[in-house]
Amino acid sequence: PADAQTFECFDYSLVKEALVASTTATTCNANKATAIKCNSPGTAAVAKTYKVANKGCGGCTEAAIKDKTCSECGKTKCNSASTLAFVLAPLLAVIFHAL
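Residues numbered from 1 in each chain as written. Predicted model: local features only at pLDDT ≥ 70, side-chain atom pairs only at ≥ 80, totals over all residues. Heavy atoms only, no water.

Enquirer: Could you clarify how one ought to interpret the overall build of the protein in this entry?
Expert: Counting its secondary structure elements, the protein contains two helices and six strands. Along the protein, helices (α) and strands (β) appear in the sequence β-β-β-β-β-α-β-α when read from the amino end. In the protein, buried positions account for 26% of the 99 residues. When contacts within the protein are restricted to residue pairs at least 6 apart in sequence, those whose partners lie at least 24 apart make up 61%. Counting every atom, the protein has about 6,700 Å² of accessible surface; 61% of that belongs to carbon and sulfur. (Helix = DSSP H or I, 4+ residues; strand = E, 2+ residues; numbered from the N terminus. Buried < 20%, exposed > 50% of the residue type's maximum accessible area, 1.4 Å probe, protein only. Contact = heavy atoms within 4.5 Å. Areas by Shrake-Rupley, 256 points an atom, 1.4 Å probe, with all protein chains shown as cover.)

Below is the structure:
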């Protein structure tokens, strides 16, 4: 339809007790008036129980953003593992420094 748009986001799955982004993006559909958003596990997401909403397409609930279990971004393919590295690298540095 003329009032629709497509974009791509990455889904996540549990692999060896860690949430891992898929290597292939999912095609997402939305109304043209709707802002592009992808979601991914937030810094407080628990790998064994976290469920990625809508295969990574669309935003997070306000509650999930507030409790940091979900993170969202506003460009196509913006929720890949490589884009999350900026969050994980400093966190790992703090953990290893504490040891």
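Enquirer: Looking at this structure, I do not really get unusual backbone geometry. What am I missing?
Expert: For residues other than glycine, phi is negative in most cases, and the peptide bonds are mostly trans. Phi is positive for asparagine 54, which is not a glycine, with a value near 50°. Among the secondary structure elements, asparagine 54 is positioned in the loop between strand 5 (38-41) and helix 1 (62-66). Here the phi dihedral of lysine 68 falls at roughly 60°; this positive angle occurs in a residue that is not glycine. By secondary structure assignment, the location of lysine 68 is in the loop between helix 1 and strand 6 (70-73).

Enquirer: So what exactly am I meant to see when it comes to the nonpolar core here?
Expert: Taken as a class, soluble globular proteins show a tendency for nonpolar side chains to be buried jointly. Phe10, Tyr12, Ala21, Ala25, Tyr50, Val52, Cys60, Ala64 and Cys70 together form the largest nonpolar core, which totals nine residues. For cysteine 60, the residues in contact, after removing those within four places along its chain, are Asn39, Ile65, Cys70, Ser71 and Glu72. Formed by seven residues, the second largest nonpolar core is a distinct cluster that contains Phe7, Cys28, Cys57 and Cys78. (Core = buried A, V, L, I, M, F, W, Y, C linked by side-chain atoms within 4.5 Å.)

Enquirer: Help me out: how do you make sense of the pairing of strand 2 (residues 12-15) in this one?
Expert: Residues in a regular strand point their side chains to alternate faces of the sheet. Pairing analysis gives four bridges linking strand 2 to strand 3 (residues 18-21), with the strands arranged antiparallel. Directly across from valine 15, in strand 3, lies its bridge partner alanine 18. What sits between the antiparallel neighbours strand 2 and strand 3 is a turn of two residues, in which lysine 16 has the positive phi angle 50°. (Pairing = 2+ DSSP bridges.)

Enquirer: Before we go on, may I ask you to explain the environment of alanine 30 in this structure?
Expert: By secondary structure assignment, the location of alanine 30 is in strand 4 (residues 26-31). Sequence spacing of alanine 30 and phenylalanine 7 is 23 residues, and the spatial spacing of their C-alpha atoms is 8.3 Å. Ignoring anything within four residues of it in the chain, the contact list for alanine 30 reads Asp3, Ala4, Gln5 and Phe7.

Enquirer: Explain the state of the cysteines here, please?
Expert: By definition, a disulfide links two cysteine residues through a covalent bond between their sulfur atoms. One pass over the structure, following the stated rule, counts four disulfides. For cysteine 60, the disulfide goes to cysteine 70, at an S-S distance of 1.9 Å. Between cysteine 60 and cysteine 70, the disulfide has an S-S torsion of -70° and is therefore left-handed. Here cysteine 60, found in the loop between strand 5 and helix 1, pairs with cysteine 70, found in strand 6; they are ten residues apart in sequence, far enough to count as distant. (Disulfide = S-S within 2.5 Å.)

Enquirer: For this particular structure, what's the right way to read the side chain of asparagine 79?
Expert: Its place among the elements puts asparagine 79 in the loop between strand 6 and helix 2 (81-98). A distance of 2.7 Å separates a polar atom in the side chain of asparagine 79 from the backbone oxygen of asparagine 39. (Polar contact = N/O pair within 3.5 Å; in protein donor to acceptor, adjacent residues only side chain to side chain.)

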